[in-house]
Amino acid sequence: MTSQQEEPLTIEGRWDIPYRHTAGQAASRFFRELRENKRIMGVRCPSCRRVLVPPRGFCERCFVPIDEWVEVQDSGTLSTFTIVYAQFTSLPPPPYCIGLVKLDGADTALMHYVGGVDLEDLEAAKKALSVGMRLQAVWRDEREGKISDIEYFRPA
Amino acid sequence: MPRRVAIVGVGLTRCSSWRRDVLYPELVYEATSAALQDAGVTPNDVDAVVYGSMDPFDGVNAPEKWNVDACAAAGMLSKPYLKISTGGTTGGSTALAAYYHVASGLHDVVLAVASQRVGENLEAQLVLNTAVDPVYERGFGVGAITVAAIQACSHMHAYGTTEEDIALVSVRNHANALNNPYAHLRVKFSVQDALASAMLSWPLRLSDCCPSSDGACAIVFASEERARKLAQQPAWIRGAGQITDNYFTGDRPWYEDWDSLAMLARRVYRLAKIDDPMREFDVAELYNAFTIQEILEYEALGFCEKGKGAELVRQGVTAMDGRLPVCPSGGVLSNNPIGASGLIRVAEAALQVMGKADQRQVPDVKTALAHSWGATIGFHTLMILDQKAP
């Protein structure tokens, strides 16, 4: 036996496992409305009366089921945002802006891309984007019942 | 009534971007054997083991199985063994679980172990993205950095905190890490260096973000009777707790304040009879994975008023020679084996209370605070350690 440290060997590993997630009742209706009617739908809690987007089957605060649907606007206010400049493996190519958009008529904010602004130049992007600014959804012509049926939100 | 519980031994490993010299269980063994030795106990003395990690970072399902032999007493000696996994709070929750085991009266000596090999994962943000809602949110590429960046954008907008302020947080933590032989990043770093580093997710630069680290940590928790015999100066648990926030990122668009942490702090301070945290804590180990979060944490933990966190940084209040040193270890900004990082905060706080923090020791520590956050900023844990039994 020798106590000399040897160069450790490496064993390659990889997880490549397919999954399928049911969208459930509430999200299925939400996505169908995007695709077929270009409408953004929320749900209203019967107890606290908050309008929740994304919609869901129960209110986590009041802990009661929800079945009242309400349409919210496809325009709103930018609550907060970040502009990503790093390329992370298998994540979207930069630059892109992720925002939380409080849609008119909703009590919660929806996560989505903010676009229609030159993001390559950070200083210009910082001037063009600000917390509290008004935004308008840009819809895709070919919609497939996904959150990406809205391409992004642009400055209104 | 819960029983009194104290920490009587701590084991840390050297951390790096890839501990290529050791197999995973060998890394964990470094921490567990050091903790048992520090406490002066053998595996036979341990009644139960609690182990924390987050599987996808390690690339094995159920790493508690791989590490069972390294978690002294769990394997060959067939002692009870529980796995804890709550995102970034995994290590904090592991400490809480060990504390509850002893406080309940069911066990006298419990070993808490947490480990992570983020260095064996080749894209941590991709793993973090799998923790984001798959129906609505995952496709936007959201991970930990982007959510922390959203906090920074909100705080800067609401309170005027600047990119220079968060650069100062980075510089102070990296300076502290020079005193910590267990930290991953140990480099001299200036504000200019920080502001020159790459913009990852505006307003956060590389210098504002934690590294991806391999590392492990273990802590021995003991009942009052055992603690008084085992340790000259145990670190007594004076108060502890955990809190969660709701699921969707957009359900709480008030990112300038960390209200869930503020609520947890009020609860835990009431338990521990802390009235003035700035005066009563001698040191705090906060989970500062991103610079801006340390500032939000000051405010939520009551070190200052809302919006005044950056002032504490500018005035040096939380520097090593300040009134309340924060993260003498260099914090998560200098070292982040994610699932272990919350337990490392507790370990560092315990070392400060026991007077065993060597080069990074703050003089005359009587009371210390340890924090962790996780679950895409939804969860928090706190633990207050004290030289005196509560």
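Residues numbered from 1 in each chain as written. Chains lettered and ligands numbered in written order. Predicted model: local features only at pLDDT ≥ 70, side-chain atom pairs only at ≥ 80, totals over all residues.

A.B. asks: In this structure, what is going on with the sheet that holds strand β7 (residues 214-223) of chain B? I would like to understand it.
C.D. replies: Strands pair in a sheet through their backbones, by hydrogen bonds, and they do so in one of two ways: parallel or antiparallel. Residues and elements named next belong to chain B. Strand order in the open sheet formed by nine strands is β3-β2-β4-β7-β1-β8-β11-β10-β9, and the pairing between neighbours is mixed. Looking along the sheet, the strands with just one partner apiece sit at the ends: β3 (81-84) and β9 (283-285). Across this sheet, the average inter-strand angle for adjacent strands is 25°, counted without regard to direction. Note that strand β1 (residues 5-12) and β7 share seven bridges and pair antiparallel. (Pairing = 2+ DSSP bridges. Helix = DSSP H or I, 4+ residues; strand = E, 2+ residues; numbered from the N terminus. Axes fitted to C-alpha atoms, helices over the stretch in contact; angles between N-to-C directions.)

A.B. asks: Got a minute to help me understand the confidence of the model for chain B in this structure?
C.D. replies: The predicted coordinates ought not to be read in detail in places where the model reports low pLDDT. Across chain B, the average pLDDT comes to 96, with 100% of residues at or above 70. For this predicted complex, the interface confidence reaches an ipTM of 0.94, while the overall pTM sits at 0.97. (pLDDT = per-residue confidence, 0-100.)

A.B. asks: Sorry if this is basic, but what is going on with the pairing of β7(B) here?
C.D. replies: The side chains of a regular strand alternate, residue by residue, between the two faces of the sheet. Residues and elements named next belong to chain B. Within β7, 10 of the 10 residues are buried, leaving the element largely enclosed by the surrounding structure. Both faces of β7 are covered, namely the face carrying D214, A216, A218, V220 and A222 and the face carrying G215, C217, I219, F221 and S223. Bridge analysis of strand β4 (residues 109-117) against β7 gives nine bridges, and the strand direction is antiparallel. Bridge pairing links V110 to F221 in β7. (Buried ≥ 20, exposed ≤ 12 C-beta atoms within 10 Å, placed from the backbone.)

A.B. asks: It is not clear to me how helix α6 (residues 144-159) of chain B should be interpreted in this structure. Could you clarify?
C.D. replies: Residue and element names in this part refer to chain B. When the terminal C-alpha atoms of α6 are compared, their 22 Å separation across 16 residues agrees well with the 22 Å that a helix rising 1.5 Å per residue should span. Among the 16 residues in α6, 13 count as buried, and that is most of the element. Note on α6: the residue one or two positions beyond its end, G160, has a positive phi of about 75°. (Expected span 1.5 Å × (residues − 1).)

A.B. asks: Explanation requested: unusual backbone geometry in the structure shown.
C.D. replies: The phi torsion of most residues other than glycine is negative, and most of the peptide bonds are trans. Residue A:V53 is joined to A:P54 through a cis peptide bond whose omega torsion reads 0°. Note that A:P54 resides in the loop between β2 (51-52) and β3 (58-59). Following A:P94, the chain continues into A:P95 via a peptide bond in cis, with omega recorded as -5°. Along the chain, the position of A:P95 falls in the loop between β6 (75-84) and β7 (96-103). For B:T376, which is not glycine, the phi dihedral falls at a positive 50°. Locating B:T376 in the fold gives a position in the loop between β10 (367-374) and β11 (379-386).

A.B. asks: Help me understand helix α12 (residues 291-300) of chain B, please; the structure alone is not making it clear to me.
C.D. replies: Given 3.6 residues per helical turn, the α-helix brings residues three or four places apart onto the same face. Residue and element names in this part refer to chain B. Counting buried residues along α12, 10 of its 10 residues qualify, which places the element largely inside the surrounding structure. Turning to α12, its buried residues are T291, I292, Q293, E294, I295, L296, E297, Y298, E299 and A300. Elements in contact with the buried residues of α12: α6, α7 (163-177), α10 (259-272), α13 (309-314) and β10. Taken from the residues just after α12, G302 is the one with a positive phi, measuring 80°. (Contact = placed C-beta atoms within 7 Å.)

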